Amino acid sequence: MQTTIKAKHQGPHLGVMAIIYMILFIAGLSFVSSFSPPYFPEPSAPASAILSYFQQHSHDVLMCAFFQFCSAIPLGIFTATVAGRLNVFAPGAAGSNIALFGGFLNAFSLTLSSMILWVMAYQGIAADGNIIRTLYYLMFVIGGVGYSVPMGLLIAGITLPCHFKGVLPKWLTVAGLALAAIGLLSSFYLIFPPFLILIPLTRFPGFVWLILAGFKLN
């Protein structure tokens, strides 16, 4: 099966694309993540803490925006390539279109949230508390639920046709279905804040899953 897939659909190495995507995203995150204060503010943080962070750490925010914008490119390439790969061994299956929709929406969310983050780092913007809070909440929801739900769709779109065709190992299929469910359930964060935890539970295990699935499907 794998030989047939490779013969009929040439393209970038899926595993390598997933690794590049992960490295760029985490590189951006490293600029605003720390084991000691000040931390990147959560939505529940006081308005003064949000304003203070973006006023005092504009360079770190700018670098985060740059690397996360760059990470959307290999994610988009991965999505286009894996959708074509799925069409080879599962023609007509909805999974490839679901993966394509989820992956491109994910890349778009990354692009948009990183552009908003760039605006927030721009000189003078952080001086206005009302503007910075509005942009912050917009960036957070696009880069949070706007990321995790499409990631769930991308993983589900890959997992389901691979499951029916027996392309991926069973353990990777089960993990994919679990991650897809977590990603979709994270949408409840919009009305129930404790569901916030589902966003990183989709994001970081999702990196590993895409890499493993990418190497299996390549």
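Quantities reported herein were computed from a predicted structural model and do not represent experimental measurements.

Conventions we followed
- Residues numbered from 1 in each chain as written.
- Predicted model: local features only at pLDDT ≥ 70, side-chain atom pairs only at ≥ 80, totals over all residues.
- Heavy atoms only, no water.
- Helix = DSSP H or I, 4+ residues; strand = E, 2+ residues; numbered from the N terminus.
- Rg over C-alpha atoms; globule rule 2.2 N^0.38 Å.
- Contact = heavy atoms within 4.5 Å.
- Areas by Shrake-Rupley, 256 points an atom, 1.4 Å probe, with all protein chains shown as cover.
- Patch = residues over 30% accessible without salt bridge, like charges linked within 9 Å, V, L, I, M, F, W, Y side chains within 5 Å.
- Salt bridge = Lys/Arg side-chain N within 4 Å of Asp/Glu carboxyl O.
- Buried < 20%, exposed > 50% of the residue type's maximum accessible area, 1.4 Å probe, protein only.
- Disulfide = S-S within 2.5 Å.
- Phe/Tyr/Trp six-rings, centres within 6.5 Å; stacked < 30°, edge-to-face > 60°.
- Lys NZ or Arg CZ within 6 Å of the ring centre and 35° of its normal.
- Expected span 1.5 Å × (residues − 1).
- Axes fitted to C-alpha atoms, helices over the stretch in contact; angles between N-to-C directions.
- Parallel < 35°, antiparallel > 145°, perpendicular 65-115°, else oblique.
- Left-handed = near helix turned anticlockwise from the far one by under 90°.
- Core = buried A, V, L, I, M, F, W, Y, C linked by side-chain atoms within 4.5 Å.

A.B. asks: Which residues make up the overall build of the chain, and what values go with them?
C.D. replies: What the chain contains, in helices and strands, is nine helices and zero strands. Secondary structure elements of the chain, listed N to C terminal, follow the sequence α-α-α-α-α-α-α-α-α. Its C-alpha atoms give the chain a radius of gyration of 18 Å, near enough to 17 Å, the size a compact globule of 218 residues would have. C-alpha atoms of the chain, sized along the principal axes, occupy 60 × 30 × 30 Å. When contacts within the chain are restricted to residue pairs at least 6 apart in sequence, those whose partners lie at least 24 apart make up 80%. With the model as given, the accessible surface of the chain reaches about 10300 Å², and the carbon-plus-sulfur share is 73%.

A.B. asks: Report on a nonpolar patch on the surface, specifying residues and quantitative values.
C.D. replies: A surface patch of nonpolar side chains, amounting to about 680 Å² of accessible area, comprises L62, F69, I73, I77, M115, W118, V119 and Y122. Sorting elements by how many residues they give to the nonpolar patch places helix α4 (residues 58–89) first, with four residues. The topology assignment puts I77 in helix α4. Owing to a relative accessible area of 34%, I77 belongs among the partly exposed residues under this scheme.

A.B. asks: Hey, could you go over the state of the cysteines for me, with residue numbers and the actual values?
C.D. replies: Under the definition given, this model contains zero disulfides. Between C64, a cysteine without a disulfide, and C70, which holds the nearest cysteine sulfur, the sulfur-to-sulfur distance is 11 Å.

A.B. asks: Any chance you could break down the side chain of S186 for me, citing the residues and the numbers?
C.D. replies: Secondary-structure assignment places S186 in the loop between α8 (170–185) and α9 (198–217). Residues within four places of S186 in sequence aside, it is in contact with V145, S148, V149, L198 and I199.

A.B. asks: Outline the packing of aromatic side chains, listing residues and values.
C.D. replies: We describe a pair of aromatic rings using the distance from one ring centre to the other and the angle between the two ring planes. In the structure shown here, the tally under the stated rule is 17 aromatic pairs. Arranged with centres 6.1 Å apart and planes meeting at 45 degrees, the rings of F40 and Y136 form a pair that is tilted. Residue F40 is located in the loop between α2 (14–30) and α3 (47–56), and its partner Y136 is located in helix α6 (residues 129–143); the two are separated by 96 residues in the primary sequence. With a relative accessible area of 23%, F40 lands in the partly exposed category. Three or more aromatic residues joined by ring pairs make a cluster, and in this case those are F40, Y53, F54, Y136, Y137, F140 and Y189. Over the aromatic face of Y147 sits the side chain of R203, whose NZ or CZ is 4.3 Å from the ring centroid.

A.B. asks: Which residues make up α9, and what are the values?
C.D. replies: Here α9 spans 27 Å end to end across 20 residues, near enough to the 28 Å set by a 1.5 Å rise per residue. All buried positions along α9 are accounted for by L198, I199, T202, R203, G206, F207, W209, L210, I211, A213, G214 and L217.

A.B. asks: Residue-level account of the packing of α3 against α6, with values.
C.D. replies: Each pair of packed helices can be described by the angle between their axes along with the distance between the axes. Running from N to C, α3 and α6 point in directions that differ by 90 degrees, and their axes come no closer than 10 Å. For the element pair α3 / α6, the angle class is roughly perpendicular. For the pair α3 and α6, contact is made by A47, I50, L51 and F54 and by G129, I132, R133, Y136 and Y137, respectively.

A.B. asks: Talk me through the packing of α2 against α4; I want residue IDs and the actual numbers.
C.D. replies: Look at α2 against α4: their axes get within 8 Å of each other, and the N-to-C directions meet at 160 degrees. As far as their axial angle goes, α4 and α2 are roughly antiparallel. Between α2 and α4 lies a crossing whose hand is left-handed.

A.B. asks: Describe the environment of M63, with residues and values.
C.D. replies: Checked against the element boundaries, M63 lands in helix α4. The exposure class assigned to M63 is partly exposed, which follows from its relative accessible area of 23%. Between the C-alpha atom of M63 and that of T79, which follows or precedes it by 16 residues, the distance is 25 Å. With residues near it in sequence (within four places) discarded, M63 still touches G28 and F31.

A.B. asks: Kindly report on the environment of P43, identifying the contributing residues and their values.
C.D. replies: Residue position: P43 is located in the loop between α2 and α3. In contact with P43, other than residues within four places in its own chain, are Y136, Y137, F140 and Y189.

A.B. asks: Describe the nonpolar core, and please don't skip the residues or the numbers.
C.D. replies: With 33 residues, the main nonpolar core has Y21, F78, I158, C162, W209, L210 and L217 as its most contacted residues. Broken down by secondary-structure element, the contributors of at least two residues to this core are α2, α4, α5 (94–121), α7 (145–165), α8 and α9. Formed by 23 residues, the second largest nonpolar core is a distinct cluster that contains F54, A121, I132 and I199.

A.B. asks: Quick one: what's the story with the environment of A49, residue by residue and with numbers?
C.D. replies: Positionally, A49 belongs in helix α3. Looking at A49, the relative accessible area reads 33%, which means it is partly exposed. For the pair formed by A49 and P38, sequence separation is eleven residues and the distance between their alpha carbons is 9.2 Å.

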